[in-house]
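# Survey of secondary and tertiary structure
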Amino acid sequence: MDLVIRHPEASNSTVSLLDLPTDVVLELCRSFLPVNGPFLTMKDHEDATDGFEALARLARTCKALSYIVIPFLARKRGLKQPFMGVVPYSIKVLRDPEFAHSEGRFTMIPSQTIGRLEAGDVDFMSRCFRNLNPNRTTFGIDVARYIQFHRYQRPTLIASYRTRCEITLLLLSNLPNITSATIDCLIDRQPLQVRASLRLEYLKCVKFIGVKTTIGSLGQHMDGVNLANYDPYFHAARNLKTLEVENMESCSSRLFSLVRLRSISFVNCRMGTADMTRILSSPRLRLRNFVYLTSLYDHYLRKLIPTRGQEMYPNDIIKSLKDGDARDHLSTLVVDLRERGDLSTARQPEDLWYLAQDHNAVFHFMASLKGFPSLRQVNITQQCLWEPYYHLVTGFKKDITPKRPERLIDLLPEAISFFTLSDITMDFFPAIIGLASVVNSKKRFTHLKQVHLYPHPNLIRQITHTKAHLDDFTLHTSNLKNPRIYCTIHPELPAQRDTILELFRNAGVEAEFPLEAYPLSTKDENDLRRQRYLGHWCRNCHFHGDILTVVRSDPTPKEECVAGRGPETSTHSHT
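Note that the structure is a prediction, hence the values are computed from the model and not measured.

From N to C terminus, the protein chain includes 17 helices and 15 strands. Taken over 575 residues, the protein chain has a buried fraction of 51%. At a minimum sequence separation of 6, the contacts of the protein chain that also span at least 24 residues come to 72%. Split by element, the accessible area of the protein chain, about 26,900 Å² in all, is 52% carbon and sulfur.

Moving on, we come to the sheet that holds strand β8 (residues 242-246). Here 11 strands make up an open sheet; going across it, the order is β3-β4-β5-β8-β9-β10-β11-β12-β13-β14-β15 and the pairing parallel. What marks the edges here is a single partner per strand, and that holds for β3 (105-108) and β15 (510-512). Neighbour to neighbour, the strand axes of the sheet diverge by 5° on average, direction disregarded. Bridge count for strand β11 (residues 332-336) against strand β12 (residues 377-381) is four bridges, and the pairing is parallel. Bridge pairing in β12 links Leu333 to Val378.

This part covers the pairing of β3. Residues Arg105 and Thr107 point to one face of β3 and Phe106 and Met108 to the other, with burial holding for every one of them. The pairing of β3 with strand β4 (residues 180-183) spans four bridges and is parallel. Residue pairing in the sheet places Arg105 in a bridge with Ser180 of β4.

It is worth spelling out the confidence of the model for the protein chain at this point. Averaged over all residues, the pLDDT of the protein chain equals 78, while 73% of them reach at least 70. Mean pLDDT across the elements of the protein chain ranges from a minimum in strand β1 (residues 2-4), with 42, to a maximum in β12, with 97. Note on residues 341-360: pLDDT under 50 across the span, and 45 contacts to partners over four residues away in sequence or across chains. When the criterion is pLDDT under 50, residues 545-560 qualifies, and its contacts beyond four places in sequence or with other chains add up to 53 contacts.

Looking now at the environment of His364. Relative to the elements of secondary structure, His364 occurs in the loop between β11 and β12. Given a relative accessible area of 0%, His364 falls into the buried group. C-alpha of His364 to C-alpha of Trp386: the two residues are 22 residues apart in sequence and 9.5 Å apart in space.

At a minimum axis distance of 8 Å, the contact between helix α14 (residues 429-440) and helix α16 (residues 492-506) shows a crossing angle of 25°. Considering their axes alone, α14 and α16 lie roughly parallel with respect to each other. For the pair α14 and α16, the crossing hand works out as left-handed. Together, Phe429, Ile432, Ile433, Leu435, Ala436, Ser437, Val439 and Asn440 of α14 and Leu493, Gln496, Arg497, Ile500, Leu503, Phe504 and Asn506 of α16 make up the contact between the two elements.

The subject of this paragraph is the packing of helix α15 (residues 457-471) against α16. Axis separation between α15 and α16 bottoms out at 8 Å; the angle between their running directions is 110°. Comparing their axes, α16 and α15 come out roughly perpendicular. Across the interface between the two elements, Leu459, Gln462, Ile463, Thr466, Lys467 and Leu470 of α15 pack against Leu493, Pro494 and Arg497 of α16. For the contact of α15 with α16, the class distribution of residues is five nonpolar, two polar and two charged.

What follows concerns the packing of aromatic side chains. This model, assessed by the stated rule, comprises nine aromatic pairs. Where Phe208 meets Phe234, the ring centres are 5.6 Å apart and the plane angle is 80°; that geometry is what we call edge-to-face. Here Phe234 lies in helix α10 (residues 231-236) and Phe208 lies in strand β5 (residues 205-209), a separation of 26 residues in the sequence. Taken as a pair, Phe208 and Phe234 share a single burial class, namely buried. When the centroid spacing of 6.1 Å and the interplanar angle of 55° are considered together, the rings of Phe429 and Phe513 count as tilted. Here Phe429 is found in helix α14, whereas its partner Phe513 is found in the loop between β15 and α17 (525-534), with 84 residues between them in sequence. Under the relative-accessibility criterion, Phe429 is labelled buried at 1%. Residue classification places Phe513 among the buried positions, given a relative accessible area of 2%. In textbook terms, an aromatic cluster arises when at least three aromatic residues are bridged by ring pairs, as seen for Phe208, Tyr230, Tyr233 and Phe234. Seen from the ring of Phe124, Arg95 lies directly overhead, with NZ or CZ sitting 4.3 Å from the centre. Positioned above the aromatic ring of Phe513 is the side chain of Arg497, whose terminal nitrogen or guanidinium carbon lies 5.7 Å from the ring centre.

One pass over the full model with this rule turns up zero disulfides. You can see Cys185 has no disulfide; the closest cysteine sulfur is in Cys165, sitting 4.3 Å from it. Given a relative accessible area of 0%, Cys185 falls into the buried group.

Let us look at the pattern of salt bridges. Tallied over the entire structure, the rule returns 11 salt bridges. Between Asp336 and Arg338 there is a salt bridge, with its nearest N and O atoms 2.6 Å apart. Arg338 carries the same exposure label as Asp336, and that label is buried. Here Asp472 makes a salt bridge to Arg539, at a shortest N to O gap of 3.2 Å. Here Arg539 lies in the segment after α17 and Asp472 lies in the loop between α15 and α16, a separation of 67 residues in the sequence. Residues joined in a network through salt bridges with shared partners are Lys207, Glu244 and Glu246.

The next subject is helix α4 (residues 86-95). For α4, the tally of buried residues reaches eight of 10 residues, placing the bulk of the element in the interior. The set of residues buried in α4 consists of Val86, Val87, Pro88, Tyr89, Ser90, Ile91, Val93 and Leu94.

A cluster of basic residues, Arg199, Lys204, Arg238, Lys241, Arg260, Arg284, Arg286 and Arg288, forms a positive patch at the surface. Residue position: Arg260 is located in the loop between β8 and β9 (263-267).

What counts as what
- Sequence positions are assigned chain by chain, starting from 1 and proceeding in written order.
- With the structure being a predicted model, the display of local features is reserved for residues of pLDDT at least 70 and the display and counting of side-chain atom pairs for 80 or more, all residues being used for whole-chain, interface and lining totals.
- The basis for the side-chain values is all heavy atoms of the structure; hydrogens and waters are excluded.
- Put simply, DSSP H or I for four residues or longer makes a helix, DSSP E for two residues or longer makes a strand, and each gets a number counted from the N terminus.
- Between buried and exposed lies partly exposed: a residue is buried under 20% and exposed over 50% of the maximum accessible area for its type, with that area taken using a 1.4 Å probe on protein chains only.
- Contacts are residue-level and defined by heavy atoms, with any inter-residue pair within 4.5 Å sufficient.
- Surface accessibility follows the Shrake-Rupley procedure with a 1.4 Å probe radius. Residue values consider only the protein chains on display as shielding.
- The criterion for strand pairing is that DSSP finds at least two bridges linking the strands in question.
- Geometry is summarised by axes, namely lines fitted to C-alpha atoms with helices restricted to the contacting stretch, and by angles between N-to-C directions that run from 0 to 180 degrees.
- One confidence number per residue, pLDDT, is output by the predictor and ranges from 0 to 100.
- Orientation labels follow simple angle bins: below 35 degrees gives roughly parallel, above 145 gives roughly antiparallel, 65 to 115 gives roughly perpendicular, and whatever is left gives oblique.
- Each crossing is labelled by how the near helix is turned from the far one, with a counterclockwise turn of less than a right angle marking it left-handed and a clockwise turn marking it right-handed.
- Only Asp, Glu, Lys and Arg are considered charged in this grouping, and only Ala, Val, Leu, Ile, Met, Phe, Trp, Tyr, Cys and Pro are considered nonpolar; every other residue, Gly among them, is considered polar.
- Between 30 and 60 degrees the pair is tilted, below 30 it is stacked and above 60 it is edge-to-face, where a pair is any two Phe, Tyr or Trp rings, Trp via its six-membered ring, whose centres lie within 6.5 Å.
- As a reminder, the over-ring test applies to NZ of lysine and CZ of arginine, requiring each to be within 6 Å of the ring centre and within 35 degrees of the ring normal.
- Here, a disulfide means two cysteine sulfur atoms that sit within 2.5 Å of each other.
- Salt bridges are identified by distance alone: a Lys or Arg side-chain nitrogen within 4 Å of an Asp or Glu carboxyl oxygen.
- Here a patch means residues that are over 30% exposed by relative accessible area and free of salt bridges, tied together within 9 Å if like-charged and within 5 Å if nonpolar (Val, Leu, Ile, Met, Phe, Trp, Tyr).
- Within this scheme the basic residues Lys and Arg register as positive and the acidic residues Asp and Glu register as negative, but His and the chain ends are omitted.
- A single reference atom marks each charge: NZ on Lys, CZ on Arg, CG on Asp, CD on Glu.

What follows is the structure, given as C-alpha cells:
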C-alpha cells in the first residue's frame, strides 16, 4: 500500500506507508477504531462496523502491516458495538420528528437486535400504524409475536417476516430524508393507498436482500427473492441512482420506475436469462455501471461439497444488456464468475461434475463488447472468455477459437481505457500477448491507460515453481527417494509474463501482473485464505502433491505449506 505525498520540491515523490514513523502508522490504525455503543443511529452503527472492516483490508495488504494491524483487530472483542435495537429505534423515530428528519441511512435486516422493550412501546407503535393503515387492527399483537419469534432466532418465519415488513413501512413513512438504505422486507402486500403514500424522494442508493420465508401454518408465503415484488419501493424512490440486489432468484415482471437508475449490482443472485432481460429492458433505463458478482466458488476452491447452483452464461448477460437501453450508455462492466467449469486440475472423479452439465461451449462465452460505444472500463474473469474444461467437452477438444491470439482484440471496444482480467491460466497467454502486441503498435486501443492482470492460483504456483528451478539448477524435477514422484516446469512462463508487461508499458500503458489472485467477492476469511493458499508453492512442499485437489474442509495449517497438510495431499505433483 503506497501513499502519494507531495512536496514543493518533488511533486510526484512516493513513499511507502511503512516508511512513515511508527507513531503515525499506529495513529492511523487507531483512527479506524470506533467508540463503544450502543449507537443511536444506524449510520453511527454501520460506520463503527466499517472501521473494523477497513482495518481487516489493511491487514491483508502485506505481512508487515498485518503484524501492526492484528492487535487493533483483537480489540474488537472488547468493544461493544450494539445497535440500540429495532423497537427503541422505532419509538425514537415516531416520537422525535427532528431526529427522524436528520436520519440519512436506514437498515432493516434479520440480524438486528430487538432492543429493550418499555411498557407501552408496542401499543404506541400499533396506534401509529393504524394511522397509516386503519384496517390493520392486530398490528400490536403481531409485533409482540415478532419479538418472541426473534428471540428464538426464527426471523424468516412468515408471520415474523410479515410484521418486520410492516415495521419497515412504518419507519420509512416517518424517515423522509434518508439517502441510502439496506432492506430485505417487502411491502407489496399492503393496500394500494398505503403504498402510494410512501415517498422516498431523497433515496439515491438502496440495497435489497432477498429472503426465502418459511411457510406458516396457514400456507402463506411471501416471495422475498423475486425482485418484482420490491417494485413499490421503486415507485416511492423516483430519484434512485444506485441499486444493489443480493440473493435474488427471479424477476417476474418488468420494472417501470427505474428511469434515473445509473448503476446496478447483482450479488449472489440466481436469476435466469429471462429475469435479467426483464430488469435490463426496463423502459428508459440508461445504465452506466453494471456489476455481476458470484458467490459460487466452492469447486473453484476445490471443496468436496454438492453444487449449490448454476450461474448465467456470461454471453447471456451481455445479450441482456444489449437488448435494453443500456447499450448506448454503459461505461463500466464488471462480471466476476469463478466456476462454470475450471477443470484445469481435475484429478478426482468428483471434479467431473461439470461434464454432466448442459454446456454449450460455442455460445456461453462472451463474444464481443464492441456493441457498447460508451464502454470504457471492463473488469472480468477469464471464466467469462475461456476455461480449461472447454477441451474436455465432446466435439470441442481441438477448437482453439476461445483462446486464439485475437480473442481479446475482437472482444474489447476500441475506446477502452481500463481493463482488468482475473484468474488467468497459462493457456490464455497467447490472447494476452496478442492484445499487448496490438497496443504496443499504437495503432489500436489508443485510449487504453491501465491494464491489471491477475493469475489463477494454479498459474501462481506454476510460475513460482518454474522460477525456483530456473534460479537453482540443482533443484531436481524428480524425487530422489521415489522416482515415480515428479514435477513439470514451464520455463517459458516468466519470460512471457515479462514480455506482456513490457509491451504494454512501451505503449505508455500502466500495467501490472502481480503473482496474487484477484480476491473473491466475499467477507469469509476462510475462503479468502483458502484462495491464497491454493497459489502456494515452496521447496518444502515440492513433491507433496497438487494442492488444488479437492479437500473436504478448509485447511487451516499453522504455516502456509502443503507439507503440513498430511493425508489430504495427493501423491503426485501436476504443477
